[in-house]
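# Observations on the model geometry
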2 protein chains.
Amino acid sequence: MALGTKPTLAIVGATGAVGTVMIDIINGRGSVPWGEIRLIASPRSAGKKITVRGAENTVVALSPEAFDGVDIALFDVPDEVSAEWAPIAVERGAIAVDNSGAFRMDPEVPLVVPEVNAAQVHERPKGIIANPNCTTLSMMAALGALHHEFGLRELVVSSYQAASGAGQEGVDRLYAEVAAVAGKQVGVRGGDVAEALTAAGLPEETPFKAPLALNVVPWAGSRKDDGWTSEELKVRNESRKILGIPELKVSATCVRVPVVTTHSLAVHATFAQDVPVEQARRVFEAQPTVVLQDDPERMAFPTPAAVVGEEPTYVGRIRQALDFPNTLDFFVCGDNLRKGAALNTYEIAETLAG
Amino acid sequence: MALGTKPTLAIVGATGAVGTVMIDIINGRGSVPWGEIRLIASPRSAGKKITVRGAENTVVALSPEAFDGVDIALFDVPDEVSAEWAPIAVERGAIAVDNSGAFRMDPEVPLVVPEVNAAQVHERPKGIIANPNCTTLSMMAALGALHHEFGLRELVVSSYQAASGAGQEGVDRLYAEVAAVAGKQVGVRGGDVAEALTAAGLPEETPFKAPLALNVVPWAGSRKDDGWTSEELKVRNESRKILGIPELKVSATCVRVPVVTTHSLAVHATFAQDVPVEQARRVFEAQPTVVLQDDPERMAFPTPAAVVGEEPTYVGRIRQALDFPNTLDFFVCGDNLRKGAALNTYEIAETLAG
Ligand SMILES: NC(=O)c1ccc[n+]([C@@H]2O[C@H](COP(=O)([O-])OP(=O)(O)OC[C@H]3O[C@@H](n4cnc5c(N)ncnc54)[C@H](OP(=O)(O)O)[C@@H]3O)[C@@H](O)[C@H]2O)c1
Ligand SMILES: NC(=O)c1ccc[n+]([C@@H]2O[C@H](COP(=O)([O-])OP(=O)(O)OC[C@H]3O[C@@H](n4cnc5c(N)ncnc54)[C@H](OP(=O)(O)O)[C@@H]3O)[C@@H](O)[C@H]2O)c1
């Protein structure tokens, strides 16, 4: 970018669930380092007006020319759109920061959580930087801080994932299902929740494979080998890459719950040394992007419905495992559309802008 | 009991959430070994008529005389009522089978899951047999079968617990909360779910410590030392006692979810030897009270809303841990009011009747 001029930022997918939160975050910042902010989406949205920092901004259709003059392009679009278009943005001179799954495990693409490995934004042979999956991200600020201090060795996690992890379509489906079961005495005989959804005329096709209202669904993502889901393997592989621990032992079970936004995780983490709860608390308190909410006496703990919309990761229910040495159990909540997606991507862009 | 006469069964707490399911189970059985079935509850319910196996039965108030002639008394009442009255039933000549937490960890009281340790019903120095907590019970048929074959060593579990674990009061609250949020775009800003509950006039006092609709609550039971909840310690201590493994390593995180009935658990279980998934499947298939529902290709897995009302424990999502030797990850669903409470108690009574 030319010396003295402010960099141009592009948001590709500005009209989606993540893109909308991205604009929210930019509008909420006291100051931003950007000159022009360009909004890009599919031709369907071209011409749409969106207010960015007080000025009306017109969405343009994705095209190679849309990247002319762009310094940093944030991609909040489906995998296949990122796979095709991030390299084109780079060719046109931009650095691409991608929120999709297209490049995360590419050894030539850094996978960045600024609190954990900010310096890696500068090692980007392909001109692309990847943003982790939302489930992994929701615990990374907390885990990264503990790892730095105590050396993480093993991780057993169970997720409580929100509907918006499946995009706006997921949110709409959950609202429709809640409306369909409300006021009915269902959930007391097998299948009566499903019957209530059918009776209300909801399409059989759902992003969740099973009813989500008054239910939990132990499936997120697509089917991978040996019974694992893509989401569970992402938690394992992305945690290893972000933390720089290729041999980290991980088992994850990913479960969708009827929560609109904010992923929660029950974490059982084993370290290279003993971690007294008091020391863990101090580490969390020293980490500006983590909020400690953990007071059993006052029944203080985080829940997703209270944390949604917040930028930090909330941590509570911290306990030293009674039977496993060097092990902590705790519960984290992180807004999957903020730290889990738009916010982390934006923080990468801020790191690049310096 | 007199030779040749059928034993008399008493149900103490016949009007509660568990007691109601108990009567359901008795009504659904092809045949029962009982002569008289006596229904007992608080004086509030005395005189109430309930149909048991086609005949109208009148609830009597709890009193020492109510146990006269009773051979087996099933207690489905709060802890303090069991603590006081189970010994009185025994004094009057009955065997007490208790569903509350009052006697579970008493070394002179066996804690029985018939599939796992049926023989222990005969070792009852106090005349009392205890039924485990519903969260522990929801996974015990599955875990007991695996332990018998492969030798269980370690257990990391996260629960997805239903509202009815907190009794009828919990169910009523969840229904009221779902009605209060239905049709509203809440769950997108911190606290707006809570505001919707207040706006709908719901009492602030709730059995769940936080909103449960469109939320999950990482707290169940009461506060114990070092940040643990009573529910989490029950999972640890009762699993050890039932399986007869005093040194079993256990970490549990108990989380309430907006499901009406049926508890689910994500289980990470380590054994004394390697457990290929195919062998685990064979063990589950050989266990009559376990249903295997696990076909990733067809997206078949159990969910609580489909399993509610069923007697067996459902198991799915079975995976061999990628990084932990001798370890399986799986997901179980068990109806907390059936196998998790009334059914297991009833099976103990059936075992006693021979
Ligand atoms: N939701 C989450 O929690 C989350 C978290 C982390 C990462 N992510 C990832 O972020 C990405 C966006 O997710 P989302 O939930 O925001 O999805 P979404 O709500 O479906 O939005 C998709 C966006 O991509 C645009 N788009 C789709 N196809 C396009 C095309 N062919 N050309 C140009 N633009 C196109 C859409 O534009 P139109 O409006 O014009 O169709 C829209 O702006 C995905 O890769 C997702 O996996 C999501
Ligand atoms: N819900 C579960 O998932 C679950 C699972 C396992 C174990 N348990 C245990 O089972 C027991 C019953 O639970 P629940 O959920 O069925 O509770 P509930 O719905 O509140 O029912 C309580 C029952 O106890 C009776 N009762 C209360 N106080 C009494 C008194 N002073 N004298 C005589 N009867 C009295 C009530 O009679 P009235 O109707 O006359 O008041 C009612 O029949 C508890 O110990 C609970 O911890 C529950």
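Position numbers for residues count from 1 along each chain, tracking the sequence in the order it is written. Chains carry letters and ligands carry numbers; both start at the beginning, A for chains and 1 for ligands, and go up in the order they are written. The predicted nature of this model means local features are confined to residues of pLDDT at least 70 and side-chain atom pairs, given and counted, to a pLDDT of 80 or more, with totals for whole chains, interfaces and linings taken over all residues. To get the side-chain values, all heavy atoms of the structure are used, and hydrogens and water are removed first.

This paragraph deals with the pairing of strand β1 (residues 9-12) of chain B. Residues and elements named next belong to chain B. Each residue's exposure class comes from its accessible area (1.4 Å probe, protein chains only) as a fraction of the maximum for that residue type: buried when under 20%, exposed when over 50%, partly exposed otherwise. Helix numbers and strand numbers start at the N terminus; a helix is a DSSP run of H or I with at least 4 residues, a strand a run of E with at least 2. Across the two faces of β1 the burial is the same, with Leu-9 and Ile-11 and Ala-10 and Val-12 all buried. Any two strands with at least two DSSP-identified bridges between them are counted as paired. As paired elements, β1 and strand β2 (residues 37-41) share 4 bridges and run parallel to each other. Looking at β2, one finds that Val-12 is bridged to Ile-40. Of the crossover connections in this fold, the one passing from β1 over helix α1 (residues 17-28) to the parallel β2 is right-handed. When β1 meets strand β6 (residues 72-75), the two strands line up parallel, connected through 4 bridges. Within the sheet, the bridge partner assigned to Ile-11 lies in β6 and is Leu-74. Here a crossover is taken to be right-handed if, once the strands point away from the viewer, the path from the first strand over the helix to the second is traced clockwise.

On to the packing of helix α1 (residues 17-28) of chain A against helix α10 (residues 338-353) of chain A. Two measures define how a pair of helices packs: the angle their axes make with one another and the distance between the axes. All names here are of chain A. Two elements in contact, α1 and α10, have axes separated by 9 Å at closest approach and are oriented at 55 degrees. Relative to α10, α1 is oriented oblique. In the packing of α1 onto α10, the handedness of the crossing is right-handed. Residues Val-18, Val-21, Met-22, Asp-24, Ile-25 and Ile-26 of α1 form the contact with α10, whose own contacting residues are Arg-338, Ala-341, Ala-342, Leu-343, Thr-345 and Tyr-346. In the contact of α1 with α10, the residues fall into 9 nonpolar, 1 polar and 2 charged. Every axis in this analysis is a line fitted to C-alpha atoms, fitted for helices over the stretch in contact. Angles between the N-to-C directions lie between 0 and 180 degrees. The scheme is simple: roughly parallel for angles under 35 degrees, roughly antiparallel for over 145, roughly perpendicular for 65 to 115, oblique for anything else. Left-handed describes a crossing whose near helix is turned anticlockwise from the far helix through less than a right angle; right-handed describes the clockwise counterpart. Pairs of residues are marked as contacts when any of their non-hydrogen atoms sit within 4.5 Å. Gly counts as polar in this scheme, as do all residues outside two lists: the nonpolar Ala, Val, Leu, Ile, Met, Phe, Trp, Tyr, Cys and Pro, and the charged Asp, Glu, Lys and Arg.

Take the packing of aromatic side chains next. Aromatic pairing here means that ring centres of Phe, Tyr or Trp (its six-membered ring) are within 6.5 Å. Orientation follows from the plane angle: under 30 degrees is stacked, over 60 is edge-to-face, and everything else is tilted. The tally for this structure, following the rule as stated, stands at 13 aromatic pairs over all chains. Judged by centre distance (6.1 Å) and plane angle (70 degrees), the rings of Trp-34 of chain B and Tyr-346 of chain B are edge-to-face. Highlighted residues: Trp-34 of chain B in the loop between α1 and β2 and Tyr-346 of chain B in helix α10 (residues 338-353), separated in sequence by 312 residues. Here Trp-34 of chain B matches Tyr-346 of chain B in class, with each residue buried. Within the aromatic cluster, the residues linked to one another by ring pairs are Tyr-160 and Phe-331 of chain A together with Tyr-160 and Phe-331 of chain B. Throughout this description, the term charge over a ring refers to an Arg CZ or Lys NZ atom that lies within 6 Å of the ring centre and within 35 degrees of the ring normal. Sitting above the plane of the Trp-228 of chain B ring, Arg-319 of chain A keeps its charged end 4.7 Å from the centroid.

Residues and elements named next belong to chain A. With respect to the secondary-structure elements, Asn-117 resides in helix α3 (residues 114-117). From its side chain, Asn-117 meets the backbone oxygen of Ile-242 in a polar contact 3.5 Å long. For Asn-117, the residues in contact, after removing those within four places along its chain, are Leu-111, Val-112 and Ile-242. Here a polar contact means two N or O atoms within 3.5 Å. Within protein one must be a hydrogen donor candidate and the other an acceptor candidate, and residues neighboring in sequence count only if both atoms are side-chain atoms.

Right, let's talk about unusual backbone geometry for a bit. Residues apart from glycine generally show negative phi values, whereas peptide bonds are mostly found in trans. Although it is not a glycine, Thr-262 of chain A sits at a positive phi angle of roughly 100 degrees. Even without being glycine, Asn-326 of chain B reaches a positive phi, approximately 55 degrees. Following the sequence through the fold, Asn-326 of chain B ends up in the loop between β13 (313-320) and β14 (327-334).

Time to look at the pairing of strand β2 (residues 37-41) of chain A. The side chains of a regular strand alternate between both faces of the sheet. Residue and element names in this part refer to chain A. Among the 5 residues of β2, 5 are classified as buried, and the element is accordingly described as predominantly covered. Neither face of β2 is left uncovered, since the one carrying Ile-37, Leu-39 and Ala-41 and the one carrying Arg-38 and Ile-40 both have all their residues buried. For β2 and strand β5 (residues 60-61), the ladder comprises 2 bridges, and the chain directions are parallel. In the strand pairing of β5, Ile-40 is matched with Val-60.

Here the focus is the UniProt feature "active site" (unreviewed entry) in chain A. Residues and elements named next belong to chain A. On the UniProt side, "active site" (unreviewed entry) is annotated at positions that read Cys-134 and His-263 here. With the annotated positions falling across 130 residues, the maximum pairwise C-alpha distance of 7.9 Å places them together in a single cluster. Secondary-structure assignment places Cys-134 in helix α4 (residues 134-150). For Cys-134, the residues in contact, after removing those within four places along its chain, are His-263, Asn-336 and Gly-340. Looking at where His-263 falls in the secondary structure, it is placed in strand β11 (residues 263-271). If near-sequence neighbours (up to four positions away) are discounted, His-263 is found in contact with Cys-134, Thr-135, Ser-138, Tyr-160, Gln-161, Ala-162, Gly-165, Arg-256, Val-332, Cys-333, Gly-334 and Asn-336. One polar contact links the side chain of His-263 to the main-chain amide nitrogen of Ala-162, over a distance of 3.0 Å. UniProt positions are given in the numbering used here, feature names are shortened, and annotations may be inferred rather than shown by experiment.

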